Amino acid sequence: MLVTLEGLDGSGKTTVWEALHDVYPDAVFTREPTDDSWYGDAVNRAIGDDDADPLATLFLFTADHADHLSRVVRPALAEGDLVISDRYSDSRYAYQGASLRDSDLKRPMEYIMGIHAAFTRPPDKTIYLDVDPETAAARSGKTNKFEQAAYLAEVRANYERLIEAEPERFVRVDATQPPEDVLDDVEAALEEILSEA
Ligand SMILES: Nc1ncnc2c1ncn2[C@@H]1O[C@H](COP(=O)(O)OP(=O)(O)OP(=O)(O)O)[C@@H](O)[C@H]1O
Ligand SMILES: Cc1cn([C@H]2C[C@H](O)[C@@H](COP(=O)(O)O)O2)c(=O)[nH]c1=O
């Protein structure tokens, strides 16, 4: 089973993802962008470059996803493992959907989803850590171009569109709560997800 953690920068995904290692010691923990491949290195260069072309950035993230799928996610799922990914394809739909809104693409989010449809492995469940853009930007420290409240408001609106389209896949958790309460809610959600599997 593939479970993904999604949300704005600073929503607390990594904090939760790290804590879950102790709760599910046999699970495969992974993330996007990847942190162990040259594809991930290329993505991180694009994140750090304020002048990076948004369409080129989309394809770098997508290349990293293709490598992540073939090298980590599909083999783990084939072994029957529980895979927990800190960010995954929805991050592309939400973030690059926002970055490309003023491009020549008419419907950026649909375009990005279309590119993925041919090859991706959709998540079975997605836990969405919901936080307002201002809190997200403040927590994340505004260290890169994606971590700005105005941009994150557009990203959040895209996440809401994704949730509306597939309400059965998403579990929303209030990420404005203290970290221990967020973790409690995520653990409860995961228990339910696994009991239904
Ligand atoms: N529930 C919370 N309440 C207050 N602060 C939090 C909470 N969860 C995480 N933080 C803090 O917010 C900051 C960002 O947390 P974290 O790295 O887990 O977020 P993230 O969603 O993974 O962000 P990014 O997507 O930018 O990597 C950290 O300093 C963390 O300690
Ligand atoms: C996977 C993915 C990520 N992003 C953005 C979101 C963050 O601002 C950075 C890095 O992610 P991290 O969780 O803070 O390490 O990249 C994106 O725009 N598109 C994606 O597909």
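Residues numbered from 1 in each chain as written. Chains lettered and ligands numbered in written order. Predicted model: local features only at pLDDT ≥ 70, side-chain atom pairs only at ≥ 80, totals over all residues. Heavy atoms only, no water.

- Looking at an unreviewed UniProt entry, one finds the chain named Probable thymidylate kinase and attributed to Haloferax marinisediminis.
- According to UniProt, the comment filed for the chain under the heading Catalytic activity (unreviewed entry) is "dTMP + ATP = dTDP + ADP".
- The chain has a UniProt comment under Sequence similarities (unreviewed entry) that states "Belongs to the thymidylate kinase family." (UniProt positions renumbered as here; feature names shortened; annotations may be inferred.)

Structural notes on unusual backbone geometry
Then, number 1: The peptide bond linking E32 to P33 adopts the cis configuration, its omega dihedral lying at -5 degrees.
Then, number 2: Position of P33 among the secondary structure elements: in the loop between β2 (28–31) and α2 (38–48).
Then, number 3: At R87, a position not held by glycine, the phi torsion is positive, near 70 degrees.
Then, number 4: Tracing the chain through its elements places R87 in the loop between β3 (83–86) and α4 (89–99).
Then, number 5: The phi torsion at K142 lies on the positive side, around 50 degrees, for a residue other than glycine. (Helix = DSSP H or I, 4+ residues; strand = E, 2+ residues; numbered from the N terminus.)

Points about the pattern of salt bridges
Then, number 1: By the definition in use, this model includes 13 salt bridges.
Then, number 2: With its nearest N and O atoms 3.2 Å apart, the salt bridge here joins D36 to R71. Residue D36 is found in the loop between β2 and α2, and its partner R71 is found in helix α3 (residues 54–78); the two are separated by 35 residues along the sequence.
Then, number 3: On the basis of relative accessible area, R71 is assigned to the partly exposed category, the value being 34%.
Then, number 4: One connected set of salt bridges, linked through shared partners, spans D130, R156, E160 and R172. (Salt bridge = Lys/Arg side-chain N within 4 Å of Asp/Glu carboxyl O. Buried < 20%, exposed > 50% of the residue type's maximum accessible area, 1.4 Å probe, protein only.)

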